[in-house]
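# Descriptive structure summary
Letter by letter, the chains look like this.
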Amino acid sequence: MTISHAPPGPTDLSAAPEKGPAPGSRTPPALEPIVRASVRRARLRSVPRWVRRTVGPLLLLALWQVFSATGVLHPDVLASPGTIARAGGDLIADGTLPAAMGVSLQRVAVGLVLGGVVGTALALVSGLSRLGEDLVDATVQMLRTVPWVGLIPLFIIWLGIGEAPKVALIALGVAFHLYLNVYAGIRGVDVQLIEAGESLGLNRWGLVRHVVLPGALPGAMTGLRYSLATAWLALVFGESINADAGIGFLMNQAREFFRTDVIVVCLVVYAFLGLTADVIVRTLERLLLQWRPTFTGQ
């Protein structure tokens, strides 16, 4: 019997059966590229900041509309955004809302100027002089603890029910905030800067002008922001004193007729005016405090 030995031919690998994973073995997980946190932050920063800041309000508005459309929020409790928008458009079209905004802005402006002058002047007297501090600070601190809203009855008795008590209430709230922050800013100036100014030959007025006042400016700007917020709050209370014009007057009328849409329109106007005033002050801060580098977040 003859046995032939054929030479082995080339092995066909494609025809060879694939070997699967051995029984009991685990398939290794797919590897994903690692994205560093700095790269993720850079991607988020590439989105315009105004877009990021409007995400929250837009989501809240969308939920509000959904709840109103599904009946979760009854119109007598809170009107829908669409109804409020129509009410605001009607108030703007007939001139009611612009006229009310003009009256309220005038009251805030007058009260802000009067309170700002009084508060800043008292802070300068108390902050720049020990004698002035002894004469002024204790009295201001005592009056500051009195709830200024509780003074409305006295203002009505003293000043009547016209514009004077409304403006006085705004001025009082503004004066306290400016006094506290300007006084703290003056007393927070580094004493080494004062000594450096004296070594350069600056007299007392020169120290106040070139060292103390610039050093107190950050505190003054912070006090101005608080004062503006207080001014709008005081306006709400002030316009409840027998007002015949202004945003508060519109709110009182809407309350009597259960017009929640008009009430919300007035609240939105208050918020818009307050936000606008805050943006103006923050712009002034960037312009006046360019010499002070600050941390702006990461």
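Reading the values: rules and limits
Residues numbered from 1 in each chain as written. Predicted model: local features only at pLDDT ≥ 70, side-chain atom pairs only at ≥ 80, totals over all residues. Heavy atoms only, no water. Helix = DSSP H or I, 4+ residues; strand = E, 2+ residues; numbered from the N terminus. Buried < 20%, exposed > 50% of the residue type's maximum accessible area, 1.4 Å probe, protein only. Contact = heavy atoms within 4.5 Å. Areas by Shrake-Rupley, 256 points an atom, 1.4 Å probe, with all protein chains shown as cover. 1 Å grid on protein atoms, 1.4 Å probe; cavity = no way out; pocket = protein on both sides within 12 Å on 5 of 7 lines; lining within 4 Å. Points joined across faces, edges and corners; volume = space filled by probe spheres on them. Nonpolar A, V, L, I, M, F, W, Y, C, P; charged D, E, K, R; others polar. Patch = residues over 30% accessible without salt bridge, like charges linked within 9 Å, V, L, I, M, F, W, Y side chains within 5 Å. Salt bridge = Lys/Arg side-chain N within 4 Å of Asp/Glu carboxyl O. Phe/Tyr/Trp six-rings, centres within 6.5 Å; stacked < 30°, edge-to-face > 60°. Lys, Arg positive; Asp, Glu negative; His and termini not counted. Charge placed at Lys NZ, Arg CZ, Asp CG, Glu CD. Core = buried A, V, L, I, M, F, W, Y, C linked by side-chain atoms within 4.5 Å.

In this section: the overall build of the chain. If you tally the helices and strands in the chain, you get eleven helices and zero strands. Written out in order from the N terminus, the α and β elements of the chain read α-α-α-α-α-α-α-α-α-α-α. Classification of the 298 residues of the chain by burial places 30% in the buried group. Restricting the contact set of the chain to residue pairs at least 6 apart, pairs at least 24 apart contribute 71%. Roughly 20,100 Å² of accessible area belongs to the chain as shown, and the carbon and sulfur atoms make up 66% of that amount.

This part covers the layout of surface pockets. Here the second largest pocket is characterised by a volume of approximately 390 Å³. As for the second largest pocket, its lining consists of 15 residues, of which Gly127, Leu128, Ile194, Arg204 and Val212 are closest to the centre. The set of elements that each furnish at least two residues to the lining of the second largest pocket consists of helix 4 (96-128), helix 7 (163-187), helix 8 (191-199) and helix 9 (204-238). Top contributing element to the lining of the second largest pocket by residue count: helix 9, with four residues. Residue composition of the lining of the second largest pocket, grouped by class: eight nonpolar, two polar and five charged.

A few words on a nonpolar patch on the surface. A surface patch of nonpolar side chains, amounting to about 360 Å² of accessible area, comprises Leu63, Val66, Phe67 and Val72. For Leu63, the location among the structural elements is in helix 2 (residues 49-69).

Let us look at unusual backbone geometry. Notably, Phe258 is not glycine yet its phi reads approximately 55°, a positive angle. For Phe258, the location among the structural elements is in the loop between helix 10 (247-256) and helix 11 (260-288).

Turning next to the packing of aromatic side chains. Throughout the structure, instances matching the rule amount to two aromatic pairs. An angle of 55° between the planes, with centres 6.3 Å apart, marks the rings of Phe155 and Trp158 as tilted. Remark: Trp158 and Phe155 occur in helix 6 (residues 152-159); sequence separation between them is three residues, near one turn of the helix. Residue classification places Trp158 among the exposed residues on the basis of a relative accessible area of 59%.

Turning our attention to the pattern of salt bridges. Per the stated rule, a full pass over the model turns up five salt bridges. A salt bridge links Glu133 to Arg187, with the shortest nitrogen-to-oxygen separation between them at 3.0 Å. Taken as a pair, Glu133 in helix 5 (residues 130-144) and Arg187 in helix 7 lie far apart in primary sequence, 54 residues in all. Note on Arg187: relative accessible area 38%, which makes it partly exposed. With a shortest N-O distance of 3.0 Å, Asp261 and Arg259 are connected by a salt bridge. Classification of Asp261 by relative accessible area gives buried; the value is 10%. Several salt bridges share partner residues, and in doing so they unite Arg107, Glu163 and Glu239 into one network.

For the rest of this paragraph, the subject is a positive patch on the surface. The grouping of Arg49, Arg52, Arg53, Arg282 and Arg286 at the surface amounts to a positive patch. Those elements that place two or more of their residues in the positive patch are helix 2 and helix 11. No other element matches the three residues that helix 2 contributes to the positive patch. For Arg286, the location among the structural elements is in helix 11. Classification of Arg286 as exposed rests on a relative accessible area of 55%.

Here we take up the nonpolar core. Ranked by size, the top nonpolar core spans 50 residues in total, and within it Ile170, Trp232, Ile247 and Val265 carry the most contacts. Listed by contribution, the elements that provide at least two residues to this core are helix 3 (81-93), helix 4, helix 5, helix 6, helix 7, helix 9, helix 10 and helix 11. Looking at which element gives the most residues to this core, the answer is helix 9, with eleven residues. Those residues in contact with Ile170, other than ones at most four positions away along the chain, are Arg107, Val108, Gly111, Leu112, Ala231, Ala234 and Leu235.

The values are spatial; any link to function lies outside them.
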